[in-house]
Amino acid sequence: RRGTGTPMERVVFHDSASAVGAEVKAPLAHVALPILYDPNANGLEDERHIALTEGSSIGKRYRVEKTIGTGTFSRVVACHDSYCGQSVSVKVMKNDKECLDAGLGEVRVLARLAQLDPQGQLPIIRLHDYFYLKEHLFIATELCCDTLNTFGRHLDQEGRRHTYFTSDCIASLCHQMCSALAFLHENGIVHCDVKTDNVCILSTSRKMFKLIDFGSAVMNNDPRNSYVQSRPYRAPEVMLGMNWGSKVDLWSLGAMIPELVLGAPIFLAPTLAQVLASIVAVAGPVPPAMARACSNLSSMVMTSDGEMFEVEPKGTVVTLQPRSNVDLSSLLREADSAPLVDFTAALLTVDPARRIS
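As the structure is a prediction and not an experimental result, all values here were calculated from the model. (Residues numbered from 1 in each chain as written. Predicted model: local features only at pLDDT ≥ 70, side-chain atom pairs only at ≥ 80, totals over all residues. Heavy atoms only, no water.)

### A word on the overall build of the protein chain
Now for step 1: Looking only at helices and strands, one finds eleven helices and 16 strands in the protein chain.
Now for step 2: Its C-alpha atoms give the protein chain a radius of gyration of 22 Å, near enough to 21 Å, the size a compact globule of 357 residues would have.
Now for step 3: Dimensions of the protein chain, computed from C-alpha atoms along their principal axes, come out at roughly 70 × 50 × 45 Å.
Now for step 4: For the protein chain, the residues scored as buried account for 46% of the 357 residues in total.
Now for step 5: Nonlocal contacts in the protein chain, meaning residues at least 24 apart in sequence, comprise 62% of its contacts between residues at least 6 apart.
Now for step 6: Here the protein chain contributes 34 positively and 39 negatively charged side chains, and the mean placements of these two sets differ by 2 Å. (Helix = DSSP H or I, 4+ residues; strand = E, 2+ residues; numbered from the N terminus. Rg over C-alpha atoms; globule rule 2.2 N^0.38 Å. Buried < 20%, exposed > 50% of the residue type's maximum accessible area, 1.4 Å probe, protein only. Contact = heavy atoms within 4.5 Å. Lys, Arg positive; Asp, Glu negative; His and termini not counted. Charge placed at Lys NZ, Arg CZ, Asp CG, Glu CD.)

As structure tokens, this is what we get:
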């Protein structure tokens, strides 16, 4: 267990029990990375970052149609693949070693998933191609439509969120996401970034969805740390520095459901302590035994009585009082579905030992 950074920025690592003191007995896998280059030139590119304007060509195969989005490590463009005549999504990793390593990790996971599901029957993004060109790693996958987050904003502008995200629609979405997560977990993969930005809509009319972006995924033998998952979707055991497992994905799925109904994340806050206070308000207190098991970080945001606090920049200690009347039944009243409330509550169970798998 290793802590780094200042007390409020500390990240706690847990080495995998199966990897400590023992050699990994599985044979090494092999992924060949194609490198595309000008055979008459060598050396670094004139520009550090590659320009991808509409109509430009990538590797004389992919024609850029539009920019889909940008992230910490990459940007994503929609392209026409001249080889197969289809539109695909191409993720371009930034020209930085950390970004390259993250991209190669995603390629490894996507290649493994393609092996495990060769027919592409599961609601998981499909790997199409990958290569290295002009000091950048490119990852091509099937092209999906909007993410849940983007589509939800469109619905809000038209005042149609509640007519689309009905309890039946959310049930269909959850069924597909649980199928995807069960497959991942059975094969020793934790997604670690389930959120509305990472679920794409394949068909709005048929209510078909796909889980995307495996850049944060971890495998069984990977060390665990307390700085995974986007903060509004981060499981309590992660925030408190506990050793965690695949159930963190189920927590994130539970955090997504009220967002689909309300149009905003329910655990959105600028600090870890405030996120935990909002979790306590909605899902109940952190069990004392759980707080004791993760004293490395819990003592920075919780009193011995289990109350949340944070230290302001001037050194003032502020006790955080969870808001009342924010239980799941009141948050999800628009959905008007008791089974949906029960299912969400089972996902948003603070103690991972009691949370459904």
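### Description of the packing of aromatic side chains
Now for step 1: Inspection of the entire model under this criterion finds six aromatic pairs.
Now for step 2: Relative to Phe 165, the ring of Phe 151 lies with its centre 6.4 Å away and its plane at 80°, an arrangement referred to as edge-to-face. Taken together, the residues Phe 151 in helix 2 (residues 148-158) and Phe 165 in the loop between helix 3 (161-164) and helix 4 (167-186) connect sequence positions 14 residues apart.
Now for step 3: With relative accessibility at 12%, the residue Phe 151 sits in the buried group.
Now for step 4: Here a set of aromatic residues connected by ring pairs shows up, and it is made of Tyr 62, Phe 131 and Phe 138.
Now for step 5: Over the aromatic face of Trp 244 sits the side chain of Arg 224, whose NZ or CZ is 4.9 Å from the ring centroid. (Phe/Tyr/Trp six-rings, centres within 6.5 Å; stacked < 30°, edge-to-face > 60°. Lys NZ or Arg CZ within 6 Å of the ring centre and 35° of its normal.)

### Thoughts on the pairing of strand 6 (residues 74-81)
Now for step 1: Taken across its eight residues, strand 6 has six buried, putting it largely inside the fold.
Now for step 2: When strand 6 meets strand 7 (residues 86-93), the two strands line up antiparallel, connected through eight bridges. For Cys 79, the partnering residue across the bridge sits in strand 7 and is Val 88.
Now for step 3: Between the end of strand 6 and the start of strand 7, which pair antiparallel, lie four residues, with Gly 85 showing a positive phi angle near 75°. (Pairing = 2+ DSSP bridges.)

### Structural notes on the packing of helix 4 against helix 6 (residues 247-262)
Now for step 1: The geometry of helix 4 relative to helix 6 is characterised by a closest axis approach of 11 Å and an angle of 165° between their N-to-C directions. Classed by the angle they form, the pair helix 4 and helix 6 counts as roughly antiparallel. Crossing of helix 4 over helix 6 shows right-handed handedness. Counted together, Ile 170, Leu 173, Cys 174, Met 177, Cys 178, Leu 181 and His 185 of helix 4 and Asp 249, Leu 250, Leu 253, Met 256, Ile 257, Leu 260 and Val 261 of helix 6 form the full contact between these two elements.
Now for step 2: Residue composition of the contact of helix 4 with helix 6, by class: twelve nonpolar, one polar and one charged. (Axes fitted to C-alpha atoms, helices over the stretch in contact; angles between N-to-C directions. Parallel < 35°, antiparallel > 145°, perpendicular 65-115°, else oblique. Left-handed = near helix turned anticlockwise from the far one by under 90°. Nonpolar A, V, L, I, M, F, W, Y, C, P; charged D, E, K, R; others polar.)

### Side note on the sheet that holds strand 8 (residues 127-133)
What holds strands together in a sheet is hydrogen bonding between their backbones, with the strands either parallel or antiparallel.
Now for step 1: With mixed pairing, seven strands are arranged side by side in an open sheet as 3-8-9-7-6-5-4. Each having just a single partner strand, strand 3 (35-36) and strand 4 (57-58) make up the two edges of the open sheet.
Now for step 2: Most of the contacts of helix 1 (residues 97-116) go to strand 9 (residues 136-142), to which it runs at about 30°, and overall it touches strand 7, strand 8 and strand 9.

### Some thoughts on the packing of helix 6 against helix 11 (residues 338-347)
Now for step 1: Between helix 6 and helix 11, the shortest axis-to-axis distance is 8 Å and the interhelical angle comes to 145°. As for how helix 6 packs across helix 11, the hand of that crossing is left-handed. Across from Leu 250, Trp 251, Leu 253, Gly 254, Ile 257 and Pro 258 in helix 6, the residues of helix 11 making contact are Leu 340, Phe 343, Thr 344 and Leu 347.
Now for step 2: Among the residues making up the contact of helix 6 with helix 11, the classes are represented as eight nonpolar, two polar and no charged.

### With respect to a nonpolar patch on the surface
Now for step 1: A cluster of nonpolar residues, Leu 33, Ile 35 and Tyr 37, forms a patch on the protein surface that exposes about 330 Å² of accessible area.
Now for step 2: Here Ile 35 falls in the exposed class, since its relative accessible area comes to 53%. (Patch = residues over 30% accessible without salt bridge, like charges linked within 9 Å, V, L, I, M, F, W, Y side chains within 5 Å. Areas by Shrake-Rupley, 256 points an atom, 1.4 Å probe, with all protein chains shown as cover. Salt bridge = Lys/Arg side-chain N within 4 Å of Asp/Glu carboxyl O.)

### A closer look at helix 6
Side chains of residues three or four places apart in an α-helix project in the same direction, reflecting 3.6 residues per turn.
Now for step 1: The terminal C-alpha atoms of helix 6, which comprises 16 residues, lie 24 Å apart, in line with the 22 Å expected from a rise of 1.5 Å per residue.
Now for step 2: At the exit of helix 6 stands Gly 263, carrying a positive phi of roughly 90°. (Expected span 1.5 Å × (residues − 1).)

### Points about the side chain of Asn 198
Now for step 1: Turning to its location among the elements, Asn 198 is positioned in the loop between strand 10 (189-190) and strand 11 (199-203).
Now for step 2: The residues contacting Asn 198, other than those within four sequence positions of it, are His 191, Asp 193, Lys 210, Leu 211, Ile 212 and Asp 213.

### Points about the pattern of salt bridges
Now for step 1: According to the stated counting rule, one finds ten salt bridges in the structure shown.
Now for step 2: Between Asp 129 and Arg 61 there is a salt bridge, with its nearest N and O atoms 3.5 Å apart. On the criterion of sequence distance, the pair formed by Asp 129 in strand 8 and Arg 61 in the loop between strand 4 and strand 5 (62-70) is long-range, its members being 68 residues apart. One exposure class covers both Asp 129 and Arg 61, and it is buried.
Now for step 3: Glu 106 is the salt-bridge partner of Lys 91, the closest N and O atoms lying 2.9 Å from each other. With Lys 91 in strand 7 and Glu 106 in helix 1, this residue pair connects regions lying 15 residues apart in the sequence. Residues Lys 91 and Glu 106 agree in their burial class; the two are buried.
Now for step 4: One continuous salt-bridge network, built from bridges that share partners, spans Arg 61, Asp 81 and Asp 129.

### Digging into the side chain of Ser 298
Now for step 1: Mapped onto the secondary structure, Ser 298 falls in helix 9 (residues 295-301).
Now for step 2: Excluding residues that lie within four positions of it along the chain, Ser 298 makes contacts with Leu 240 and Ala 291.

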